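Listed below, chain by chain, are the residues.
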Amino acid sequence: MLPSPGSLPESPGACPLPSGYIGAQAGPESAHPRPVPPGANQGLMKGDKRKEPGPDPEPAAPQQPTEEEEALIEFHRSYRELFEFFCNNTTIHGAIRLVCSQHNRMKTAFWAVLWLCTFGMMYWQFGLLFQEYFSYPVSLNINLNSDKLVFPAVSICTLNPYRYTEIKEELEELDRITEQTLFDLYKFNSSNTLVAPARGRRDLREALPHPLQRLPVSAPPHAARSARSATSSVRDNNPKVNRKDWKIGFQLCNQNKSDCFYQTYSSGVDAVREWYRFHYINILARRQDTSPSLEEDALGKFIFACRFNQVSCNEANYSHFHHPIYGNCYTFNDKNSSNLWMSSMPGVNHGLSLTLRTEQNDFIPLVSTVTGARVMVHGQNEPAFMDDGGFNLRPGVETSISMSKEAVDRLGDNYGDCTENGSEIPVENLYLTKYTQQVCIHSCFQESMIRECGCAYIFYPRPHNVDFCDYRKHDSWGYCYYKLQDAFSSDRLGCFTKCRKPCSVTMYKLSAGYSRWPSVTSQDWVFEMLSRQNNYTIKDKRNGVAKLNIFFKELNYKTNSESPSVTMVTLLSNLGGQWSLWFGSSVLSVVEMAELVFDLLAITFLMLIRRVRSRYWSPGREGRAGQEVASASASPLPSHFCPHPASPSSSLPGPAPAPALAAPPPAYATLGPPSSPSPSGSAAASNPAYTPEEA
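Residues numbered from 1 in each chain as written. Predicted model: local features only at pLDDT ≥ 70, side-chain atom pairs only at ≥ 80, totals over all residues. Heavy atoms only, no water.

Some words on the overall build of the chain
- A tally of helices and strands in the chain yields 18 helices and 22 strands.
- Counting all 695 residues of the chain, 35% fall into the buried class.
- Accessible area of the chain: about 42,500 Å², with a carbon and sulfur share of 54%. (Helix = DSSP H or I, 4+ residues; strand = E, 2+ residues; numbered from the N terminus. Buried < 20%, exposed > 50% of the residue type's maximum accessible area, 1.4 Å probe, protein only. Areas by Shrake-Rupley, 256 points an atom, 1.4 Å probe, with all protein chains shown as cover.)

Points about unusual backbone geometry
- Of note, the amide linkage connecting W517 to P518 takes the cis form, showing an omega dihedral of -15°.
- As for its placement among the helices and strands, P518 is situated in the loop between β20 (504-516) and α13 (523-534).
- Backbone geometry places N333, a non-glycine residue, at a positive phi of 60°.
- Unusually for a residue other than glycine, L432 sits at a positive phi of about 55°.
- Structurally, L432 is set in the loop between β18 (418-419) and α10 (437-453).

Comments concerning a nonpolar patch on the surface
- Taken together, the side chains of F75, F598, F605, L606 and I609 present a nonpolar region at the surface, about 470 Å² in accessible area.
- Relative to the assigned elements, L606 resides in helix α16 (residues 587-617). (Patch = residues over 30% accessible without salt bridge, like charges linked within 9 Å, V, L, I, M, F, W, Y side chains within 5 Å. Salt bridge = Lys/Arg side-chain N within 4 Å of Asp/Glu carboxyl O.)

Some details on the sheet that holds strand β16 (residues 391-393)
- An order of β11-β12-β5-β15-β16 is seen for the five strands of this open sheet, with the pairing classed as antiparallel. Since the sheet does not close on itself, it has two edges, and those belong to β11 (318-323) and β16, each with one partner. In this sheet, neighbouring strand axes are inclined to one another by 30° on average, regardless of whether the strands run parallel or antiparallel.
- Relative to strand β12 (residues 327-332), strand β5 (residues 153-157) runs antiparallel, the two sharing four bridges. Looking at β12, one finds that I156 is bridged to Y330. (Pairing = 2+ DSSP bridges. Axes fitted to C-alpha atoms, helices over the stretch in contact; angles between N-to-C directions.)

So, the nonpolar core
- In this structure, L171, Y280, I364, M449, Y457 and W477 are the most contacted members of the largest nonpolar core, which totals 67 residues.
- Of all the elements, helix α7 (residues 268-285) adds the most residues to this core, at ten residues.
- Ignoring sequence-local partners within four residues, the contact set of M449 consists of G454, C455, Y457, C469, W477, Y481 and L484.
- Of all hydrophobic cores here, the second largest spans 27 residues; its members include F302, I303, F332 and L555. (Core = buried A, V, L, I, M, F, W, Y, C linked by side-chain atoms within 4.5 Å. Contact = heavy atoms within 4.5 Å.)

Quick notes on the confidence of the model for the chain
- Chain-level pLDDT for the chain is 75 on average; 68% of the residues reach the 70-or-more range.
- With pLDDT under 50 throughout, residues 1-49 is counted as low confidence; its partners more than four residues away or in other chains account for 58 contacts.
- A low-confidence stretch, residues 629-663 stays under pLDDT 50, and its non-local contacts, those more than four residues away or across chains, total 46 contacts. (pLDDT = per-residue confidence, 0-100.)

A closer look at helix α3 (residues 105-134)
- Taking 1.5 Å of rise per residue, 30 residues should cover 44 Å, and α3 covers 43 Å from first to last C-alpha, within 8% of that figure.
- Inspection of α3 places W115, T118, F119, M122, Q125, F126, L129 and Y133 among the buried residues, and these make up the whole buried set.
- Y136, located one to two residues past α3, shows a positive phi value of around 50°. (Expected span 1.5 Å × (residues − 1).)

A closer look at the packing of α3 against helix α15 (residues 568-583)
- Two elements in contact, α3 and α15, have axes whose closest approach is 10 Å; the angle formed by their N-to-C orientations is 165°. Classified by the angle between their axes, α3 and α15 sit roughly antiparallel to one another. Considering how the two elements wind past one another, α3 and α15 form a crossing that is right-handed. Taking contact as the criterion, the partners of W115, T118, F119, M121, M122, Y123, Q125, F126, L129, F130 and Y133 in α3 are, on α15, M568, L571, N574, L575, Q578, W579, W582 and F583.
- Tallied by class, residues from the contact of α3 with α15 come to 15 nonpolar, four polar and no charged. (Parallel < 35°, antiparallel > 145°, perpendicular 65-115°, else oblique. Left-handed = near helix turned anticlockwise from the far one by under 90°. Nonpolar A, V, L, I, M, F, W, Y, C, P; charged D, E, K, R; others polar.)

Regarding the packing of aromatic side chains
- This model, assessed by the stated rule, comprises 37 aromatic pairs.
- For the ring pair F302 and Y330, a centre distance of 6.0 Å and an interplane angle of 25° mean the geometry is stacked. Taken as a pair, F302 in helix α8 (residues 299-302) and Y330 in strand β12 lie far apart in primary sequence, 28 residues in all.
- A relative accessible area of 4% means that Y330 is categorised as buried.
- Site record: aromatic cluster; members linked through ring pairs are F250, F278, F445, Y457, F459, Y460, Y471, W477, Y481, Y482, F488 and F496. (Phe/Tyr/Trp six-rings, centres within 6.5 Å; stacked < 30°, edge-to-face > 60°.)

Remarks on the pattern of salt bridges
- Per the counting criterion, the structure on display carries nine salt bridges.
- Measuring nitrogen to oxygen at the nearest pair gives 3.7 Å for the salt bridge that ties R451 to E452.
- Salt bridges linked by common partners bring E172, E173 and R176 together as one network.

Looking at α13
- With twelve residues, α13 extends 16 Å from end C-alpha to end C-alpha; this agrees with the ideal 16 Å at 1.5 Å per step.
- For α13, the full list of buried residues reads Q523, V526, F527, L530, S531 and N534. Within α13, the buried residues cover an arc of 125° as seen down the axis, which keeps them to one side. Exposed positions of α13 whose direction lies more than 90 degrees from the buried face are W525, M529, R532 and Q533. (Arc of directions from axis to C-beta.)

What follows is the structure, encoded as structure tokens:
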């Protein structure tokens, strides 16, 4: 029969356990006194005082940490241990099969290959998703809106830069040379068209540089021989030349005449007009100090009637500018107007209606070769590029232009090559208006002209202190201009590359309808009323007037806006879908993977540090440290726990501690020669740490 815990005899040399020490760990119970068991007071009679244990001679030293205690930061001892821990505890599907199937190598290999292939497929899908995101795709959103619309600006030009009587003196010499040139090249007598009397050819050619010439085209020998034999079998001093074998052009040279070329045209009409226009530009460059006269081209002389939304126009509704080729131009409803026109109803009765004079009784013959008027529809803050976006009105016809508004909003930055306001474009805006791509392109060409040729082209605005090109001041500007024009057309100047599209654009799509106006039955009274109202007698009734109607076809307008096709939210959603598809995991699983990678790096780093220390810093320290650790682990109870033999009174009987040690502490009283075997009761009495559970 085992004795009760309270009656166990104490060994004389036994080392008492420190207060709070249970097994090899110190639990939270050590801070509180244990309850006294019932058998502890059996030997005391009534009136006797229980002897309380006195204080120890020396206070117990603080407990040293053992191997089983957890530190603040711990790492696994090997890669294998880390991998097994990860596979057993991760939330990623399939990882645990790598551990639980380790006794079956075929299953382990199968799950390892399957897991790696799944991992590779998932990250391949990740790569495709990231590639799509960083390609910055856009989606086009089309919205249909309906509201009152601001009526656009409308510019109308007379198609005649100057009255011929006003500029006749400057053009007299040019007209004489042109008349003689036409007669020399085509045997055409233009005395009825050009009023200036003819002079000798020698005097004319000395007046102006760059004469217009006939240039033969080099043909293959057999073709040229067959062409000559077909026309004439006998050679004479003045052989007839087939006009298909030559071109018309004029020669241009650089400043030192080291390089020359011919600007040629296959059409004689184009050649004469371009050559005349080249000299006309030089004449205009000398007239820049004198503004064109508006007395003959006042609004009442050009526009017979003007109405918008059934209300007559006034001078506050338009502004004037002059174009070197298209003449006096008038812009209705521009940004300088006092009140912008608003369209609240569609239809021809709620738009702009104009009656124009188109008679050419005093036009420059070789500049104004088209009859009618030039019209362009544009935004209020945009300049009117009559060459680029205008169209001509036909005389004797009522032209009805129906409009539909369309707005485009593009995405800039990484999603598209557009600019908000042109501030980052390396081209100066010479028009001082809202940025448009045409404004930038024309400004870029003018900058190239000023930089390469030393003068400004008269068709575009010029900076301050820069003269317009004139061969009396810049004798080789024509050579430079045509060279730049060729480079500009092939984008060697880089203007089309520099000038990006604006992100926000408002466009007006036009559709035209034509009808004869006035009709045969009504033309008599219509012409009579127009003549009396404007004090102007129309000589050619059919070609003298034209009517224009511009209106909104409908108030619905379309807005095309771009939006990112793949946003960050979409990317994360797609990544999460792929992760769940291949591994059935969540964001926390990604954190587990990150933790695994971090532990791998930490273990690798610590192993490298240990190797470096053992090799270079202290070659024998690691061995001594290992011996100290071994000696410390061999004695679970430090020596200062038992500084002297414990007195019988210092050891109180109590409940037996839990068997936390691998081996019970030795009974120092039994270190003598071994005695004869004793029954179980004596064995229990020789070991105070022995408990009935161990028996």
